[in-house]
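Okay, here's what each chain looks like letter by letter:
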Amino acid sequence: MLTARCLSDDTLAHLEAAGHVCVLKDTFDFESPSEIANLILAENCEAALALHLYRGGRLLQGHRIPFGVIFGGTDVNEDANQAEKNTVMGRVLEEARFAVAFTESMKEMAQAQWKARQISLAVTSAVPIQPHAKGKIYVQSQGIATTPNAAFNWNTFLQRSEINQSADNLHIFLLICGLRQVKDPLYLVDAFSAWHQEEPNVYLVIVGPEVDPVFTREVKAKVKRAAGVRLIGEMPQEDLHAVVKNCFAVVNSSVSEGMSAAILEAMDLEVPVLARNIPGNAAVVKHEVTGLLFSNPQEFVHLAKRLVSDPALEKEIVVNGREYVRMYHSWQVERDTYQQLIRKLEGSTED
């Protein structure tokens, strides 16, 4: 089973638990379908699962192995608005055995997007065209299971982050993201830095891998000049969960999201969430119920100050967030869904 590098560890575990041997690869390491063809041959892959209809799915076309795709978020929210990418993704969806959307609204957007394309094509074609998306898209929210490292030393982490204050007096806001433009990690930096100069016990710590080398240099240069903002590289998942558990709040400032695992993991670990008000975040964060939504940096600072000064609000958000994750993001349900879907990749296309 060939799988995309960006799939979660849990998704990979679901496949392996069903007896599949998986080869995990990063789509950014491949420039053309021919490179994927060589990999499929070398690894004797019988099926594939890709994250992101464009970045992952386009590489799997025409290789005569069955595959499924998982919508990433930017494929439906942004790439679908570009004609060339839209056409490619429509063809990918036509060839895929199944597709997974994290939310009902994402499924509806995909269906509307490629149904519209079919209507356009049908005008100039005498051959009946079957809708790409019909009956293929399944909704499965991300299943969440957190495993914080019990031996993790919070004070050591603070020292590594060059935060030399007593942990008792600190309010650490944690932004977890790969360093690429769609995650917009610099969105809050100026406003947060100004707040830190007023209240030196608040810090914004950005944690994540260096995905885009050019943009990473921009982020590092900006953070270096920003008081109260720190940048930490990628961490093992169990250590990252421990950091989340110890911080004051988790922040999401993305321009586009499918479904943020960091938000859901924070809820599971009983940590409040402040998220940018975009469709992917608003699908899981209900304002003042399971978290706080902001539309600009100034509103973020206002809500963050409110959260710091209102323990009752913090407690209510934490309780509601944990209950939400337990009810709607079951890890076992996710496992059952993917193990059932993978059966669609068994056998020939004619089966």
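Everything numeric here is computed off the predicted structure, so don't read it as measured data. (Residues numbered from 1 in each chain as written. Predicted model: local features only at pLDDT ≥ 70, side-chain atom pairs only at ≥ 80, totals over all residues. Heavy atoms only, no water.)

(A) Structural view of the sheet that holds strand 7 (residues 171-176). Read from one edge to the other, the open sheet built from six strands follows the order 9-8-7-10-11-12, with strand pairing classed as parallel. In this open sheet, the two edge strands, each paired with only one partner strand, are strand 9 (229-232) and strand 12 (292-294). Pairs of neighbouring strands in the sheet enclose a mean axial angle of 25°, with direction left out of account. In terms of strand pairing, strand 8 (residues 202-207) meets strand 9 through four bridges, oriented parallel. When the bridges of strand 9 are listed, isoleucine 206 appears paired with leucine 231. (Pairing = 2+ DSSP bridges. Helix = DSSP H or I, 4+ residues; strand = E, 2+ residues; numbered from the N terminus. Axes fitted to C-alpha atoms, helices over the stretch in contact; angles between N-to-C directions.)

(B) Region of the structure containing the domain arrangement of the chain. Looking at the assigned domains, one finds that the chain contains domain 1 (2-143 + 332-345) and domain 2 (154-328). Taking only C-alpha atoms into account, the centre of domain 1 sits 30 Å from that of domain 2. Our count for the contact surface shared by domain 1 and domain 2 stands at zero salt bridges. Linking domain 1 with domain 2 are five residue pairs in polar contact (both at pLDDT 80 or more), by the criterion used here. Considering only residue class, the side of domain 1 that touches domain 2 consists of three nonpolar, seven polar and three charged. (Domains from an automatic or database assignment. Salt bridge = Lys/Arg side-chain N within 4 Å of Asp/Glu carboxyl O. Polar contact = N/O pair within 3.5 Å; in protein donor to acceptor, adjacent residues only side chain to side chain. Nonpolar A, V, L, I, M, F, W, Y, C, P; charged D, E, K, R; others polar.)

(C) Focus on the environment of alanine 101. Locating alanine 101 in the fold gives a position in strand 5 (residues 98-101). Sequence separation of alanine 101 and serine 260 is 159 residues, and the distance between their C-alpha atoms is 13 Å. When neighbours within four sequence positions are excluded, alanine 101 is seen to be in contact with Phe71, Met106, Lys107, Ile137, Tyr138, Val139 and Gln140. (Contact = heavy atoms within 4.5 Å.)

(D) Representation of the pattern of salt bridges in the model. For the structure shown, the criterion picks out nine salt bridges. Taking the shortest distance from any N to any O, the salt bridge between arginine 322 and glutamate 270 comes out at 3.1 Å. Here glutamate 270 lies in the loop between helix 10 (261-268) and strand 11 (273-276) and arginine 322 lies in helix 13 (residues 311-328), a separation of 52 residues in the sequence. A single network of salt bridges, built from pairs that share partners, joins Asp268, Glu270 and Arg322.

(E) Representation of the pairing of strand 11 within the structure. Burial of the side chains of strand 11 extends over both faces: Val273 and Ala275 are buried on one face and Leu274 and Arg276 on the other. In the sheet, strand 10 (residues 249-252) pairs with strand 11 via three bridges, with the strands oriented parallel. Among the inter-strand pairings, valine 251 is bridged to a residue of strand 11, identified as leucine 274. Note on the crossover from strand 10 through helix 10 to strand 11: the handedness is right-handed. (Buried < 20%, exposed > 50% of the residue type's maximum accessible area, 1.4 Å probe, protein only. Right-handed = clockwise from strand over helix to strand, strands pointing away.)

(F) Fine view of helix 12 (residues 297-309). With 13 residues, helix 12 extends 19 Å from end C-alpha to end C-alpha; this agrees with the ideal 18 Å at 1.5 Å per step. Along helix 12, the residues classified as buried are Pro297, Phe300, Val301, Leu303, Ala304 and Leu307. Buried residues in helix 12 make contact with strand 7, helix 7 (189-198), strand 10, strand 11, strand 12 and helix 13. (Expected span 1.5 Å × (residues − 1).)

(G) A look at the confidence of the model for the chain. Per-residue confidence for the chain gives a mean pLDDT of 89; residues scoring 70 or more make up 91%. Residue range residues 117-131 is modelled with pLDDT below 50. Its contacts to residues more than four positions away, or to other chains, number eleven contacts. (pLDDT = per-residue confidence, 0-100.)

(H) Focus on the nonpolar core. Ranked by internal contacts, the top residues of the largest apolar core, which has 78 residues, are Phe71, Phe157, Ile172 and Leu174. With five residues, helix 10 is the single largest residue contributor to this core. The residues that make up this core include at least three from each of domain 1 (2-143 + 332-345) and domain 2 (154-328). Residues in contact with leucine 174, not counting those within four places in the same chain, are Val205, Val207, Val243, Val244, Cys247, Ala249, Val250 and Val251. (Core = buried A, V, L, I, M, F, W, Y, C linked by side-chain atoms within 4.5 Å.)

(I) Main features of the packing of helix 7 against helix 12. Their axes nearest at 9 Å, the elements helix 7 and helix 12 cross at an angle of 40°. In terms of orientation, helix 7 lies oblique with respect to helix 12. Every pair of crossing elements has a handedness; the one defined by helix 7 and helix 12 is right-handed. Between helix 7 and helix 12, the residues in contact are Ala191, Phe192, Trp195 and Glu198 and Pro297, Phe300, Val301, Ala304, Lys305 and Val308, respectively. Tallied by class, residues from the contact of helix 7 with helix 12 come to eight nonpolar, no polar and two charged. (Parallel < 35°, antiparallel > 145°, perpendicular 65-115°, else oblique. Left-handed = near helix turned anticlockwise from the far one by under 90°.)

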